[in-house]
Protein chains: 4
Amino acid sequence: MAGSSLGTMFKISTWGESHGKGVGVVVDGCPAGLPISEAYIQTYLNRRKPGQSKYSTPRKEDDHVEILSGVFEGYTTGTPISMVVMNQTQRSGDYSEIANYYRPGHADYTFDSKYGFRDYRGGGRSSGRETIARVAAGAIAMAILDSLNIHVNAYTQSIGPITIDRANLNLENIMQSPIYMPDLEASAKAENFLVEKMAECNSVGGIIECVVKGMPAGVGETVFDKLDANLSKAIMSVGAVKGVEIGNGFECATILGDENNDALYYEDNTLSKETNHAGGILGGMSDGTDIVLRAAVKPTPSIARTQHTVNKSNENIEINIKGRHDPIIVPRAVVVIESMVALTLVDMLFQNMTSRLDKIQEFYKK
Amino acid sequence: MAGSSLGTMFKISTWGESHGKGVGVVVDGCPAGLPISEAYIQTYLNRRKPGQSKYSTPRKEDDHVEILSGVFEGYTTGTPISMVVMNQTQRSGDYSEIANYYRPGHADYTFDSKYGFRDYRGGGRSSGRETIARVAAGAIAMAILDSLNIHVNAYTQSIGPITIDRANLNLENIMQSPIYMPDLEASAKAENFLVEKMAECNSVGGIIECVVKGMPAGVGETVFDKLDANLSKAIMSVGAVKGVEIGNGFECATILGDENNDALYYEDNTLSKETNHAGGILGGMSDGTDIVLRAAVKPTPSIARTQHTVNKSNENIEINIKGRHDPIIVPRAVVVIESMVALTLVDMLFQNMTSRLDKIQEFYKK
Amino acid sequence: MAGSSLGTMFKISTWGESHGKGVGVVVDGCPAGLPISEAYIQTYLNRRKPGQSKYSTPRKEDDHVEILSGVFEGYTTGTPISMVVMNQTQRSGDYSEIANYYRPGHADYTFDSKYGFRDYRGGGRSSGRETIARVAAGAIAMAILDSLNIHVNAYTQSIGPITIDRANLNLENIMQSPIYMPDLEASAKAENFLVEKMAECNSVGGIIECVVKGMPAGVGETVFDKLDANLSKAIMSVGAVKGVEIGNGFECATILGDENNDALYYEDNTLSKETNHAGGILGGMSDGTDIVLRAAVKPTPSIARTQHTVNKSNENIEINIKGRHDPIIVPRAVVVIESMVALTLVDMLFQNMTSRLDKIQEFYKK
Amino acid sequence: MAGSSLGTMFKISTWGESHGKGVGVVVDGCPAGLPISEAYIQTYLNRRKPGQSKYSTPRKEDDHVEILSGVFEGYTTGTPISMVVMNQTQRSGDYSEIANYYRPGHADYTFDSKYGFRDYRGGGRSSGRETIARVAAGAIAMAILDSLNIHVNAYTQSIGPITIDRANLNLENIMQSPIYMPDLEASAKAENFLVEKMAECNSVGGIIECVVKGMPAGVGETVFDKLDANLSKAIMSVGAVKGVEIGNGFECATILGDENNDALYYEDNTLSKETNHAGGILGGMSDGTDIVLRAAVKPTPSIARTQHTVNKSNENIEINIKGRHDPIIVPRAVVVIESMVALTLVDMLFQNMTSRLDKIQEFYKK
């Protein structure tokens, strides 16, 4: 089935494998008149590139984006925008070993179960390189949101046991932390923790938080295409994510109704909420306050420790995964989460435009 | 936008408001040849009906389902199955008060923001009664899964601070607990906790866990329509859910790679896993082991305590919500979560049938 | 597969069989604020009811529509509108004969091939009664178009060999002709032809033309969701239609480029075209002039003449179809074609609203 | 809106403009295990390349396809297949003139109406080069159909007033006729007609017919996603097509019921039909006999004759379109129609696989 597309009115279709010729995306439904350049897209891709810090693989992946269609004289034309990042080195190597066993925590076994065989070079379609396409498309979504004064910021909330102190949270810190933590004190501690676990040939998980400011109220559909439902799908579709929560999320299960409800009040003619446990979404629609959500990211499954698994001859074996792998996925995934949120918001903003007849009449009045 | 449909190959479209003429669902894409009766659907609806225990509203809602199409001589025909539950009492009442203010934790304000006005009688489209349609459709999905030897069981994992002890977890306990907890000791404690909070006119949240047994490996699509992504959307689309996790979920963020990876092994020619942190899903596809997921459910927002909010004249006011409301949503939502999981699994099982050319050739061989 | 839904932003899902409990439709994506009543919908349904003239079956089908959701205090709320027409007489009869053979020109054999069995009472899902749902939904689409000053008119262009003379074409004649022909002279001739063929127990086909006035330019998507492509699908999905053409349609295949091109010119600052061979659509988008299209409708397949066919025991047999069948489908299908056009136009108008960034910015400006 | 995708289970998304960097397509939902090569795809593209005969533009467009993903060791992997044809010469030229006026019969005016501006170099997205993407994807669909013993053949039925004589129709003639006519006598006449009209700087239309052999019965969905409805959309979405008909099409409007019905009979235990006016489709489902359909293709709108039109300064002007344009679109469109039919058939075959529970149970039996 065709599961490589996302969105209804603002739709992306991605393609490409880690060790094929490249990865890419077609963005369909981008409105005409948006200024876009390869240089702009590249700034987003650079945030997920490996080798940006010592906490990511030192592999050389100079991901250079090329726009093949849909942009004319610097502006989008309203037609599909095709973007491609060619794989610069056809990483050949010897994959005969990896082809014959199933790596724990990877999709090797499930791919073989589904398709009967798999592209065994690297992760194939389930490689982290697939997220290049999401980020390239996400950059376009971010530009649309920016033009509407809506701003999306994701950052590392925790790495293993180290969590940010909200008293120290400052979005301006994000780009100063090599692991994109908005609390530089926690960042330093987390870096130490990472160095320690890297030395042990182990890997680490963490939590990414994302905040959206400036979202108008009433966006999201009321039953299945709820804003939070579509955000959850988008975020859970990122490879290593195993949990999603909106607002206070799982905490809501442990507190009482009078604590959890966000009281409304007017101050200076502006509607506000005393708290934001709802994370800016009620009944599947934005309520005009900050949207807040979190994604739990598992530790990198590829580790250089001995692991038990099976091979395709139905034998129990021991393996040691070689190569240079990220000790943690979280920092490079921050821009991926940001992208998935942006892509979803644009689609829901677009879908929302036909909610009221008076607005449609105004749109088409002659 | 049309956000009241879910699914691609097995699709449901729901309609209806809490205080309108009724609620219903059209199930499109149900295969021909499935035995279905109103009595069977009713057994599922009865599990979400109010008044089943003292922990739910004593409101009388005798939800009787009627099948209007798609079933002939006891079997589905392959055409759309329309089911309706008429609202038996057109609850009139005086809604002038509720029409003028925004209840905290409810979708009143967001509805008005989106549509310019709202059906202010009860929750309208965002009422819990909307889930009747999900459960009626879910019952059909469960029957399909049953015919494929796939079994879905949801239950209450925790209520407020009271959580089941996995040593006591027994699926056969579920129907013996008035709050659907599979650990009867925890159930008794949770009931005491509920009684206490009800006396304080407060409400309580909790967590629902769902386990799927018998799922074949390789089901789910590899990028956006991942099995876990679509499950997350389906579950987060249920009104009061604020968090979703697969397998160990948020716990994965705090443990190390060698702890989190599930080692594979063969025993008696059967592939097994030493652990199931992945919750039965890798790379967005089922791995043949139990699928495990959890949903965080917020406390009922309607409470009989004084709350601060605003009215439509932009004034700050105090309100006391009257009426008979559930002190907790969790028990009645158990069958809703089960339904959303079942609906998603059927859709993904159907989508998966075109993954391999050899299987398609076999299907169409003459 | 779920093939009973149509539309992306304005979506309908239909259900029901000719001899089941009823037929109905869920309209999802109707904007809030549209005044709608059962009486209004009924005026459209009455146009397709049988027994309106001597050229349709005298069967009594008093199709009374009921709105079950989505309308509050006379206005649409933005939530799904569920409409149902119950079958008033559960027509029992003896279907054992029809159950055992395949009627020529009907979907009996294909239904059995697809589903393994069929609801053999009447046409089941492929009955003309299925179009009730299309017309009820179409009435809502017409109300939206009306509010935008867009007007859709369909009429009978030809019946068998009798075609209207365009010199006599007057839309005001349509409702005065029992067969909805806008040229009353041709209508009289066609009525005579029909009477003659009815006496011979035969049936007749014809062509329905549809004209849309007031459509803004630029509506339609540029590649697959072209306005003409989606109109063709909508129209060809009506049971008895075997051909669709836009503008001069098949005639374009026989004339030369300089004849076929529509020259543009300005007169009194208004852009006009010397001809309209394109039928108001260029490159899949409306050009601001009248949209013109035609549907070829086959003769009613149920005729009271001896026909050759086969039964389910693989025997060659002769049959005589009893019962009261329309001698011609065309007049009752006029409002169905009008509905399919209206449904498509609304969906495309809605999809078009995100074509330009400046318009989106204006929509969301705070 | 995102109108550049087609299909549900077998989905294509196209991109690219005539004078941009290239055109391409992502095929999502192709099953794993299909042998595919660039050389194979190229054979289809070569059939639509210009310069294959003196009846097409002598422009040099050496369309070379490259497969970027989804194929591993010669077989499809089940993941998206991305194919690209780069535009070899960045045709610069001076477009200032064409940028300022609207060519009759082209989408210039409608593009500007929709998007506010357009890529004025050549036809942009509405250029015939967009069909390259359809044909590359269609080649994959043809390979799938071939593996199921289903065969699709399109050919030129008529050019201007010259129509094939069905007595002379031989599919083996198609590739021997430079204009793909299966009746070589008619082909010679049509060539003379073309030469004559080319000398007059005019252009010519025609009709393409397509026949599908080997289609199993029961494929197609019963209401909106009827096989003929989806075929009509696919074919009408091809730029120059203005009419579509199934079986006898518009002829059905002029004949009587007893003539139009196709009588069924058994001969040698094989079900047959005395005629095939239905074109192999009844009730929207294939009936197991040949599927027959036709598309009316308009004359090339670009002609070197003086034409009246308007410019963007609202002035009436005269133009002469320069450049080397095809005098007829039909022959190069034959493989495009074949592709659109193949793409639709594969999607409908895939959707059909969940029609019966017993077949689903067999598919998933352990």
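In this text, all values refer to a predicted model and were calculated from it rather than measured experimentally.

Novice: Requested: an account of the pairing of strand β17 (residues 306-310) of chain A, with residues and values cited.
Specialist: Looking at chain direction, β17 of chain A and strand β18 (residues 316-320) of chain A are connected through 5 bridges and run antiparallel. Paired with His 308 of chain A across the strands is Glu 318 of chain A, a residue of β18 of chain A.

Novice: Outline the packing of helix α4 (residues 131-147) of chain D against helix α8 (residues 330-351) of chain D, supporting the account with residue identities and numerical values.
Specialist: Residues and elements named next belong to chain D. Following both chains from N to C, one finds α4 and α8 inclined at 50°, their axes separated by 8 Å at the closest point. The orientation of α4 with respect to α8, classified from their angle, is oblique. Between α4 and α8 the crossing geometry is left-handed. Taken together, the residues of α8 that come into contact with α4 (itself represented by Thr 131, Arg 134, Val 135, Ala 137, Gly 138, Ala 141, Met 142, Ile 144 and Leu 145) are Val 335, Val 336, Glu 338, Ser 339, Met 340, Ala 342, Leu 343, Leu 345, Val 346, Leu 349 and Phe 350. In the contact of α4 with α8, the residues fall into 15 nonpolar, 3 polar and 2 charged.

Novice: Could you give me a rundown of the confidence of the model for chain A, with the residues and numbers involved?
Specialist: Here chain A averages 93 in pLDDT, while 97% of its residues score no lower than 70. Model confidence for the complex: the whole-complex pTM is 0.97, and ipTM, which rates the interface, is 0.97.

Novice: Can you lay out the relation of the copies chain C and chain D for me, pointing to particular residues and giving the numbers?
Specialist: Of the transformation placing chain C onto chain D, the axial shift is 0.0 Å and the rotation is 180°, giving an RMSD of 0.0 Å. Expressed as a symmetry operation, the mapping of one chain copy onto the other fits a two-fold axis. Identified as the residue of chain C closest to the rotation axis by C-alpha distance is Lys 233 of chain C, at 2.4 Å. A shared interface surface links the copies, since 100% of the contact residues of chain C are contact residues in chain D too.

Novice: Lay out the interface of chain C and chain D in plain terms, naming residues and giving numbers.
Specialist: In this complex, chain C contributes 105 residues to the contact, which on the side of chain D involves 105 residues. A buried area of about 8,500 Å², summed over both sides, lies between chain C and chain D, and 61% of it is on carbon and sulfur atoms. Counting across the interface, chain C meets chain D through 6 salt bridges. In this structure, Asp 258 of chain C and Arg 305 of chain D form a salt bridge, with 2.6 Å as the shortest nitrogen-oxygen distance. Inspection of the region where chain C meets chain D yields 51 residue pairs in polar contact (both at pLDDT 80 or more). Along the lines of polarity and charge, the residues of the side of chain C that touches chain D split into 42 nonpolar, 42 polar and 21 charged. One ladder, built from 3 bridges, connects strand β11 (residues 241-246) of chain C with strand β11 (residues 241-246) of chain D; its direction is antiparallel. Paired with Gly 243 of chain C across the strands is Glu 245 of chain D, a residue of β11 of chain D.

Novice: Give me the lowdown on helix α1 (residues 38-48) of chain D, citing residues and values where you can.
Specialist: Within the span of α1 of chain D, buried status applies to Ile 41, Gln 42, Tyr 44, Leu 45, Arg 47 and Arg 48 of chain D. In the core, the buried residues of α1 of chain D are packed alongside β4 (65-67), β7 (81-86), α4 and α8 of chain D.

Novice: Explain the relation of the copies chain B and chain A to me, and be specific about the residues and the numbers.
Specialist: After a rotation of 180° and a shift along the axis of 0.0 Å, chain B superposes on chain A with an RMSD of 0.0 Å. With an isologous cut-off of 70% or more, the 100% of interface residues of chain B that recur at the interface of chain A puts this contact in the isologous class.

Novice: Please set out the sheet that holds strand β3 (residues 22-28) of chain A residue by residue, giving values where relevant.
Specialist: Residue and element names in this part refer to chain A. Pairing is antiparallel in the open sheet, where 5 strands are placed in the order β1-β2-β3-β7-β4. Bordering the open sheet on either side are β1 (5-6) and β4 (65-67), each of which pairs with just one other strand. Pairing of β3 with strand β7 (residues 81-86), which is carried by 6 bridges, proceeds in the antiparallel orientation. Across the sheet, Val 25 pairs through a bridge with Met 83, a residue of β7. Set on the sheet, helix α1 (residues 38-48) makes contact with β4 and β7; between it and β4 the angle comes to about 145°.

Novice: Which residues make up the interface of chain B and chain A, and what values go with them?
Specialist: How big an interface is tends to be reported as the loss of accessible area on association of its parts. The interface of chain B with chain A comprises 105 residues on the first partner and 105 residues on the second. Here chain B packs against chain A, burying approximately 8,500 Å² in sum over the two surfaces, 61% of which is carbon and sulfur. Along the contact surface separating chain B from chain A lie 6 salt bridges. At the surface where chain B touches chain A, the tally comes to 51 residue pairs in polar contact (both at pLDDT 80 or more). Taken together, the residues of the side of chain B that touches chain A break down into 42 nonpolar, 42 polar and 21 charged.

Novice: Explain the packing of α1 of chain D against α8 of chain D residue by residue, including any values.
Specialist: Residue and element names in this part refer to chain D. Between α1 and α8, the shortest axis-to-axis distance is 7 Å and the interhelical angle comes to 140°. The angle between the axes of α1 and α8 places the two elements in the oblique class. When α1 is examined against α8, the residues Tyr 44, Arg 47 and Arg 48 are found in contact with a partner set consisting of Arg 332, Val 334, Val 335 and Glu 338. For the contact of α1 with α8, a count of residues per class yields 3 nonpolar, no polar and 4 charged.

Novice: Go over the sheet that holds strand β1 (residues 5-6) of chain D, please, and point to the residues and values.
Specialist: Residue and element names in this part refer to chain D. Reading across the sheet, the 5 strands line up as β1-β2-β3-β7-β4 and stay open at both edges, with antiparallel pairing between neighbours. Edge positions in the sheet fall to β1 and β4, since each of these pairs with one other strand and no more. Each of β2 (11-16), β3 (22-28) and β7 is contacted by α4, which is oriented at about 35° to β3, the strand it contacts most.

Novice: I'd love a proper account of the pattern of salt bridges, names of residues and values included.
Specialist: For the coordinates displayed, the defined rule picks out 92 salt bridges over all chains. Across the pair Lys 197 of chain A and Glu 196 of chain A runs a salt bridge, and its minimum N-O distance is 3.6 Å. Classification of Lys 197 of chain A as buried rests on a relative accessible area of 12%. Looking at Glu 196 of chain A, the relative accessible area reads 43%, which means it is partly exposed. In this structure, the salt-bridge partner of Asp 108 of chain B is Arg 103 of chain B, at a minimum N-O distance of 2.8 Å. When its relative accessible area of 7% is taken as the criterion, Arg 103 of chain B is described as buried. Each of Arg 103, Asp 108, Asp 112, Arg 118 and Lys 312 of chain A takes part in salt bridges that share partners, so that together they form one network.

Novice: Pulling in residues and values, what's your account of the packing of aromatic side chains?
Specialist: One pass over the full model with this rule turns up 26 aromatic pairs over all chains. Above the face of the Tyr 115 of chain D ring, Lys 114 of chain D is positioned so that its terminal group lies 5.7 Å from the ring centre. For Lys 359 of chain D, the ring lying beneath its charged end belongs to Phe 363 of chain B, and the centroid distance is 5.1 Å.

Novice: A description of the environment of Ala 2 of chain A should follow, citing residues and the corresponding values.
Specialist: Looking at the element boundaries, Ala 2 of chain A is found in the segment before β1. Leaving out residues up to four positions away in the same chain, Ala 2 of chain A has contacts with Asp 225 of chain B together with Thr 8, Met 9, Lys 11, Asp 28 and Gly 29 of chain D.

Novice: I'd love a proper account of the state of the cysteines, names of residues and values included.
Specialist: Taken as a whole and assessed by the stated rule, the structure comprises 0 disulfides over all chains. A disulfide-free cysteine, Cys 252 of chain B has its sulfur positioned 18 Å from the sulfur of Cys 210 of chain A, the nearest such atom. By relative accessible area, Cys 252 of chain B is classed as buried at 0%.

Novice: Give a detailed account of the nonpolar core, specifying residues and quantitative values.
Specialist: Counting residues in each nonpolar core, the largest one holds 377 residues, and the members touching the most others are Ile 140 of chain A, Ile 140 of chain B, Ile 140 of chain C together with Ile 140 of chain D. Setting aside anything within four residues of it in sequence, one finds Ile 140 of chain D in contact with Phe 10, Val 27, Cys 30, Leu 34, Ile 36, Tyr 40, Ile 41, Ile 81 and Met 83 of chain D.

Novice: Tell me about the side chain of Asp 108 of chain C, and please be specific about residues and values.
Specialist: Following the sequence through the fold, Asp 108 of chain C ends up in helix α3 (residues 108-115). Excluding residues that lie within four positions of it along the chain, Asp 108 of chain C makes contacts with Tyr 101, Tyr 102, Arg 103 and Arg 118 of chain C.

Novice: Would you mind going over the side chain of Thr 222 of chain A in detail, with residue names and values included?
Specialist: Note that Thr 222 of chain A resides in the loop between β10 (206-213) and α6 (227-236). Apart from the residues within four sequence positions on either side, Thr 222 of chain A is in contact with Gly 283 and Met 285 of chain A together with Phe 111, Tyr 115 and Arg 125 of chain B.

Novice: Outline helix α4 (residues 131-147) of chain B, listing residues and values.
Specialist: Residue and element names in this part refer to chain B. A rise of 1.5 Å per residue sets the reference length of α4, with its 17 residues, at 24 Å; its end C-alpha atoms lie 24 Å apart and thus fit the reference within 8%. Among the 17 residues that make up α4, 15 are buried, leaving the element largely enclosed by the rest of the structure. Asn 149 lies just past α4 and shows a positive phi near 60°.

Novice: Which residues make up the environment of Glu 38 of chain D, and what are the values?
Specialist: If you trace the backbone, Glu 38 of chain D turns up in helix α1. Residue Glu 38 of chain D is classed as partly exposed on the basis of its relative accessible area, which comes to 27%. Here the alpha-carbon distance between Glu 38 of chain D and Tyr 266 of chain D, two residues 228 residues apart in the chain, equals 44 Å. Beyond its immediate chain neighbours, meaning those up to four positions away, Glu 38 of chain D contacts Lys 21 of chain A together with Val 65, Glu 66 and Ile 67 of chain D.

Conventions adopted
- Residues numbered from 1 in each chain as written.
- Chains lettered and ligands numbered in written order.
- Predicted model: local features only at pLDDT ≥ 70, side-chain atom pairs only at ≥ 80, totals over all residues.
- Heavy atoms only, no water.
- Pairing = 2+ DSSP bridges.
- Helix = DSSP H or I, 4+ residues; strand = E, 2+ residues; numbered from the N terminus.
- Axes fitted to C-alpha atoms, helices over the stretch in contact; angles between N-to-C directions.
- Parallel < 35°, antiparallel > 145°, perpendicular 65-115°, else oblique.
- Left-handed = near helix turned anticlockwise from the far one by under 90°.
- Contact = heavy atoms within 4.5 Å.
- Nonpolar A, V, L, I, M, F, W, Y, C, P; charged D, E, K, R; others polar.
- pLDDT = per-residue confidence, 0-100.
- Least-squares fit on C-alpha atoms with pLDDT ≥ 70 in both.
- Buried area = accessible area lost by both parts, 1.4 Å probe.
- Salt bridge = Lys/Arg side-chain N within 4 Å of Asp/Glu carboxyl O.
- Polar contact = N/O pair within 3.5 Å; in protein donor to acceptor, adjacent residues only side chain to side chain.
- Buried < 20%, exposed > 50% of the residue type's maximum accessible area, 1.4 Å probe, protein only.
- Phe/Tyr/Trp six-rings, centres within 6.5 Å; stacked < 30°, edge-to-face > 60°.
- Lys NZ or Arg CZ within 6 Å of the ring centre and 35° of its normal.
- Disulfide = S-S within 2.5 Å.
- Core = buried A, V, L, I, M, F, W, Y, C linked by side-chain atoms within 4.5 Å.
- Expected span 1.5 Å × (residues − 1).

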